[in-house]
Structures are given as structure tokens and as C-alpha cells.
Amino acid sequence: MPAVPAPAGGATAVAAARAAAVLEPGLDRPVRLVGARLWAAAAALALAVGAGTGWAVFGTLPSTLTLPAVLAHGSAPETVRADRAGALLGYRVTAGQPVVKGQPVALLRTPDGAEVTVPAPADGTVSALLATPGGELAPGAGLAALDASHRPATVRLFATTLKDAGQLVPGRAVLVPVPGVGKVRAVITVVEPLPVRADSLDGTFPVPLPGLPAGAAPVWTAYADLPFLAAELAGPVPVSAAVDLGARHPYQAVFGTGAKR
């Protein structure tokens with residue numbers, strides 16, 4: 001049976017496609033080329049997502065808590081007290097002034113009319129003046145707060161929320177900026193179990209402590225020793241100290257979950 005010739009139009013179309021494939025190799029396989037590129041992009045994206053997920057789960061970030069603090073000597077100021085009853089005529093020192101043991105701090109007039117001076121009990125820096133000139137004082141009344149330099153240097157840390165107070169744990173490291181020295185690493189040694197009123201700390205520092213609340217707001221206190229700085233430290237110095245909370249996974253930082261030691 002004689003062969004039926006193919007339509008002329010079909011032969012022309014086939015010939016044109018073959019010619020185009022010769023001029024531009026691969027034009028006859030567009031789906032395969034696009035598919036390969038998509039697979040490569042998908043593989044790269046999967047690797048990136050996998051690496052990010054692995055870092056979020058297994059990687060770590062440093063975690064710190066910044067708190068108001070003060071560099072001083074000992075756990076609390078030493079109080080200069082009136083050793084007898086009398087009227088406070090005036091002070092011979094000002095807040096923030098260095099003094100030496102025996103230096104006159106205040107002048108009293110006793111009930112028999114005698115004028116007597118109250119001396120500093122130790123070398124140090126006057127933190128605050130605690131009484132008002134002209135007022136009558138009972139024996140033992142506080143006249144001034146003194147940061148006594150013979151005591152070990154410490155950093156006193158103040159937490160203003162219960163959550164932050166829970167992070168103050170003995171043995172936890174603290175990074176403390178010391179003027180003229182740089183950042184120094186200390187370790188928390190003592191944590192007060194109960195808070196004090198913020199206004200009970202008024203007058204214990206020669207300058208305001210940034211970040212400390214006012215009035216009856218509760219404040220929790222912890223201490224870290226800096227004994228090697230006792231000689232270099234001159235008086236109370238307000239600072240911002242960073243408590244080392246260990247390390248957290250990145251996903252914990254995003255979602256606000258706890259630190260991992």
C-alpha cells in the first residue's frame with residue numbers, strides 16, 4: 001500500500017524546531033533546566049534553614065542582668081554618732097569629703113553649755129550627713145555616714161524586682177566597671193534574704209544611684225567582694241554592674257525562657 005505523504009505544514013514545523021535546537025542547545029529541554037535550578041535553590045534553602053535551626057537549638061548566647069550598684073567598703077556605711085546629748089551647732093565636713101580618724105565631723109553644745117566636737121572614728125569618705133543643724137540630739141544619734149577605707153572593698157548590688165532578685169545567687173559572677181581600673185570580675189558572696197525600703201538607703205551615698213527607686217519600693221541587696229581594690233577605692237561610687245546568668249540558647253532569648261548554666 002503506497003505511503004501517505006505527511007502534510008507539508010507539519011514537516012516545516014519539525015524542521016524549524018530542529019534548527020532552533022541546533023542554534024540554542026537546550027531549548028528543546030526547558031522543563032529539565034528550570035527543574036534543576038529549582039532543586040538547587042531548594043537544597044540551598046534547606047541547608048540554610050537547617051543550619052539556622054541547629055544554631056537556635058544547640059548554639060549559645062551570653063546572658064547578663066544589669067543592675068544598679070555601688071562600689072564601697074564593707075557591707076554598709078559606718079555611722080558617726082553623737083557620744084552625748086546636745087544641740088547640733090553645725091558640721092565641719094561635707095558629703096563626699098575624705099576624712100582621717102580623729103578629724104572633727106560635727107560640733108555639739110551640751111546641756112551644760114560646753115561645745116564639743118565629734119571625731120571621725122576611722123579614715124574614709126563621708127557618705128552623707130544625717131542630722132539637721134540646730135536640732136537636739138540624744139546620745140548615740142547618727143550624725144554622718146562614713147565609708148570606712150579600712151574595710152574590704154565591695155560592690156553592693158540592688159535588685160528592684162522579685163524576678164531580678166531571684167537571679168542574685170552566691171557564687172554567681174559579676175562584671176564591675178571600676179573607675180581608673182576597668183572591668184573587674186567579682187563573685188557574689190552574700191544575698192540579703194529580705195528586701196529593704198528604698199528610702200532606707202537615702203543618705204547612704206554622696207550622689208544619687210541611677211536605677212534605684214524611691215519611697216517604700218522594695219530593694220533586694222547582694223554583695224560581692226573586691227578586697228584587692230580596698231586601697232585604690234575612694235568612697236562610694238555608683239556603677240552599673242552586669243550579673244553573669246550563664247548562657248542561653250538563641251530560641252530561649254527569643255521566647256524569654258530561662259538561662260542555662
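Just so you know, these numbers come straight off a predicted model, no measurement behind them. (Residues numbered from 1 in each chain as written. Predicted model: local features only at pLDDT ≥ 70, side-chain atom pairs only at ≥ 80, totals over all residues. Heavy atoms only, no water.)

Visitor: Describe the overall build of the protein, with residues and values.
Guide: Counting secondary structure elements, the protein contains 4 helices and 15 strands. Within the protein, counting contacts between residues at least 6 apart in sequence, those at least 24 apart form 68% of the total. (Helix = DSSP H or I, 4+ residues; strand = E, 2+ residues; numbered from the N terminus. Contact = heavy atoms within 4.5 Å.)

Visitor: Please provide a residue-by-residue account of the pattern of salt bridges, values included.
Guide: Per the stated rule, a full pass over the model turns up 4 salt bridges. With a closest N to O distance of 3.6 Å, E78 and R151 form a salt bridge. Of this pair, E78 sits in strand β2 (residues 78–81) while R151 sits in the loop between β9 (142–148) and β10 (153–159), and the two are 73 residues apart along the sequence. What makes R151 partly exposed here is its relative accessible area of 26%. (Salt bridge = Lys/Arg side-chain N within 4 Å of Asp/Glu carboxyl O. Buried < 20%, exposed > 50% of the residue type's maximum accessible area, 1.4 Å probe, protein only.)

Visitor: I'd like a description of the side chain of H73, backed by residues and values.
Guide: For H73, the position within the fold is in strand β1 (residues 61–73). A relative accessible area of 1% places H73 in the buried class. Of the polar contacts made by the side chain of H73, one reaches the side chain of D147; its length is 2.8 Å. (Polar contact = N/O pair within 3.5 Å; in protein donor to acceptor, adjacent residues only side chain to side chain.)

Visitor: Please give an account of the confidence of the model for the protein that cites residues and values.
Guide: On average, the protein scores 78 in pLDDT, and the residues at 70 or more come to 68%. When mean pLDDT is compared element by element in the protein, strand β5 (residues 104–109) scores highest at 96, while helix α4 (residues 250–255) scores lowest at 45. Residue range residues 248–255 is modelled with pLDDT below 50. Its contacts to residues more than four positions away, or to other chains, number 26 contacts. (pLDDT = per-residue confidence, 0-100.)

Visitor: Help me get a handle on the sheet that holds strand β4 (residues 98–99), residues and values and all.
Guide: Sheets are built from strands that pair by backbone hydrogen bonding, the pairs being arranged parallel or antiparallel. Read across the open sheet, the 4 strands follow the order β2-β9-β7-β4; overall the sheet is antiparallel. In this open sheet, the two strands that pair with only one neighbour each are β2 and β4. Bridge count for β4 against strand β7 (residues 124–129) is 2 bridges, and the pairing is antiparallel. Within the sheet, the bridge partner assigned to V99 lies in β7 and is G124. (Pairing = 2+ DSSP bridges.)

Visitor: With reference to specific residues and values, describe the sheet that holds β5.
Guide: One open sheet accounts for 4 strands, arranged β6-β5-β3-β8; its pairing is antiparallel. What marks the edges here is a single partner per strand, and that holds for β6 (115–119) and β8 (136–137). With 2 bridges joining them, strand β3 (residues 86–91) and β8 adopt antiparallel strand pairing. Looking across to β8, one finds that G86 is bridged to L137.

Visitor: Before we move on, could you go through the pairing of strand β12 (residues 182–191) and cite the residues and values that matter?
Guide: Two strands pair when backbone bridges link them, and strand β11 (residues 173–178) and β12 are joined in this way by 6 bridges, in the antiparallel orientation. Looking at β12, one finds that V176 is bridged to V184. Counting the residues between successive antiparallel strands, the hairpin from β11 to β12 contains 3 residues, one of them, G180, with a positive phi of roughly 80 degrees. With 3 bridges connecting them, β12 and strand β14 (residues 218–225) associate as antiparallel partners.

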